Structures are given as structure tokens and as C-alpha cells.
Amino acid sequence: KAAQGGDTANVQGRFIAAKFDVFLFIGTYTPCSELGTTPTPARVRYDETLSAYIGRQQALHPNIAIILGGDLNVAPEQSDVRFDARVKQPQERGIPTRKPHELTAFTKLLPTRGLKRAHPAREHQVPADTGPRTWTWEAQRERNRSTPSPYPVAANLDHFVCSDRMLAGSTGADNTFEITVVGTATIASNYGSDHRPILAKLQRAQTTKAPTSDVN
């Protein structure tokens, strides 16, 4: 459903959900904030709405896991954003995807809803032929600027986050499924988008059955 229970902040259908037997998948296209240090009201409402929706689903279906994926329009860590090397001191507080209210909403969402990033070190997971690091978003029009732009030139804005128990080795893992981000697709340049979709492989974890013996 694109909206449920009076979620007026989602009237554009920016998140949709599909419920399976053991997990709920939510795809999101989070609105981008406006430039400047003032919080963008539409973004604030959307972040609150999405978190509340996840909370309601967890209350209604406590035994299913959550997978949230898509363009979250946030670069959570300093390593998730790159500026032009000629920019000496980037002023990130007013830059969309690095604004304080965006970072706060994301970092609060994870522990509040029992979620974790599925790929905190994506630069070590991309195929070797794509280079040392593949960003999920790049400012295509900034490449040939004669003067540096104060905006980021590349960032990781697209993410998978999921219930802690879906990640192998996590505390409380029930080993029902394991999710692994396998890299970023390289079709963006062919289709004109400034984003590269990220790919995830979701597979049931292997379980070891206890050996049986014949009793005569």
C-alpha cells in the first residue's frame, strides 16, 4: 500500500510495501530537502511517517522482519559523500542529504525500529572492474566545471536497511534469511539517471540438520 492510516505525508506514493510470509519489503523514494540549514517540512514529515508506518507494521506482525530499500536521500556517514578536492572546507550543514535533521532521522530510525544498514562498507563489495569505489549517485554535470562546486560530486544515497536478525552474525539473529548487497549496477550512464541501483541477494540461510541413526 502506498499510504495507510492517514499517512498524508505519503500522498505521492513515495513508499510502497509488499508483505511476504516472513518479511515486509518497503521501497522508498525519499524526498530531497531544500538547500539551507532550515529543516525542510516535507522531508521531516516524510521521515516521521515512514518510521511510524514501520512501527505499526512491527506491532501488527511482530514475527516478520523488515527490509527497507531505495533512494533514502541521505549520506549517513562522512565516508558516504565526496566533495570536489578543490573545496577546502565543505559546509555540509545546509547541503541536502547531509543536513542535521536528515542524519538525525536516519540514525534514530535504525535503533528505534531494530534496523541496521546491510552494507556499511560497500566500497569493499563492488566488482573490481568498476574501480576502487562505486557511488550510488554522481553529479554528472559537475565533472567539467572550471570552478569547484560546494555541492557533493558523489555520494551513497541509496541503501538497504533491514531487521537486525536478518544479518548473519548479528545479535539475536534467527538465521531465517541472510541479506547481502552484492554491488551497484552500472546501467545508470546508459539510461541517463544520476543514480546507480544497488542490488541485493536475499537467500535463506543454510541450516544443519542433526544426524539421524537407524534404531533396530
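For the structure given in this document, a descriptive report is provided here. A quick note: this is a predicted structure, and the numbers were derived from the prediction, not measured. (Residues numbered from 1 in each chain as written. Predicted model: local features only at pLDDT ≥ 70, side-chain atom pairs only at ≥ 80, totals over all residues. Heavy atoms only, no water.)

## Observations regarding the packing of aromatic side chains
Each pair of aromatic rings is reported with the distance of its centres and the angle of its planes. Taken as a whole and assessed by the stated rule, the structure comprises three aromatic pairs. Seen in terms of ring centroids, F15 and Y53 are 5.0 Å apart; in terms of plane orientation they differ by 45°. Their pairing is tilted. Pair noted here: F15 is in strand β1 (residues 15-19) and Y53 is in helix α1 (residues 41-60), with a separation of 38 residues, a long-range link. With a relative accessible area of 0%, F15 lands in the buried category. When the ring centre of Y29 is taken as reference, the NZ or CZ atom of R14 above it lies at 4.7 Å. (Phe/Tyr/Trp six-rings, centres within 6.5 Å; stacked < 30°, edge-to-face > 60°. Helix = DSSP H or I, 4+ residues; strand = E, 2+ residues; numbered from the N terminus. Buried < 20%, exposed > 50% of the residue type's maximum accessible area, 1.4 Å probe, protein only. Lys NZ or Arg CZ within 6 Å of the ring centre and 35° of its normal.)

## A word on the nonpolar core
One finds L24, I26, L50, I54, L68 and L115 to be the most contacted residues of the largest nonpolar core, which totals 19 residues. When residues of this core are traced back to their parent elements, those giving at least two are β1, β2 (23-29), α1, β3 (65-71) and α2 (100-112). Residues within four places of L68 in sequence aside, it is in contact with I26, T28, L50, I54, L109, H159, F160 and V161. Core analysis: the second largest hydrophobic core is formed by eleven residues, F23, F160, M166 and L167 among them. (Core = buried A, V, L, I, M, F, W, Y, C linked by side-chain atoms within 4.5 Å. Contact = heavy atoms within 4.5 Å.)

## Looking at the sheet that holds strand β8 (residues 158-163)
The sheet built from five strands is open, its strands ordered β1-β2-β3-β8-β5 with mixed pairing. Either end of the sheet is taken by a strand with one partner, and the two such strands are β1 and β5 (115-117). Averaged over all pairs of adjacent strands, the angle between their axes in this sheet comes to 20°, without regard to strand direction. Alignment of β5 against β8, held across three bridges, turns out to be antiparallel. (Pairing = 2+ DSSP bridges. Axes fitted to C-alpha atoms, helices over the stretch in contact; angles between N-to-C directions.)

## As for the layout of surface pockets
Taken as a whole, the second largest pocket encloses approximately 330 Å³ of empty space. If you trace the second largest pocket, you find 20 residues lining it, with D47, E48, A105, F106 and L109 closest to the centre. Looking at the lining of the second largest pocket, the elements that each hand over two or more residues are α1 and α2. Grouping the amino acids of the lining of the second largest pocket by side-chain chemistry returns nine nonpolar, five polar and six charged. (1 Å grid on protein atoms, 1.4 Å probe; cavity = no way out; pocket = protein on both sides within 12 Å on 5 of 7 lines; lining within 4 Å. Points joined across faces, edges and corners; volume = space filled by probe spheres on them. Nonpolar A, V, L, I, M, F, W, Y, C, P; charged D, E, K, R; others polar.)

## Points about the pairing of strand β7 (residues 152-155)
Bridging between strand β4 (residues 81-83) and β7 involves three bridges; their strand directions are antiparallel. Bridged to R82 within β7 is A154. Relative to β7, strand β6 (residues 137-138) runs antiparallel, the two being bridged by two bridges. Looking at the pairing, E138 lines up with A154 of β7.

## Here we look at unusual backbone geometry
Most peptide bonds adopt trans geometry, and most residues besides glycine take a negative phi value. One non-glycine residue, N73, adopts positive backbone phi at about 50°. Mapping N73 onto the fold places it in the loop between β3 and β4. With a phi close to 85°, T97 is a non-glycine residue in the positive phi region.

## Here's the deal with the sheet that holds β7
Pairing is antiparallel across the open sheet formed by three strands, whose spatial order is β4-β7-β6. Edge positions in the open sheet fall to β4 and β6, since each of these has one partner strand only.

## With respect to the pairing of β2
A large share of β2 lies buried, amounting to five of its seven residues. Where β1 lies against β2, five bridges are found, and the strand directions are antiparallel. Bridge pairing in β2 places F15 opposite T28. Sheet topology note: the β2/β3 ladder contains seven bridges and is parallel. Within β3, the position partnered with Y29 by the bridge is D71.

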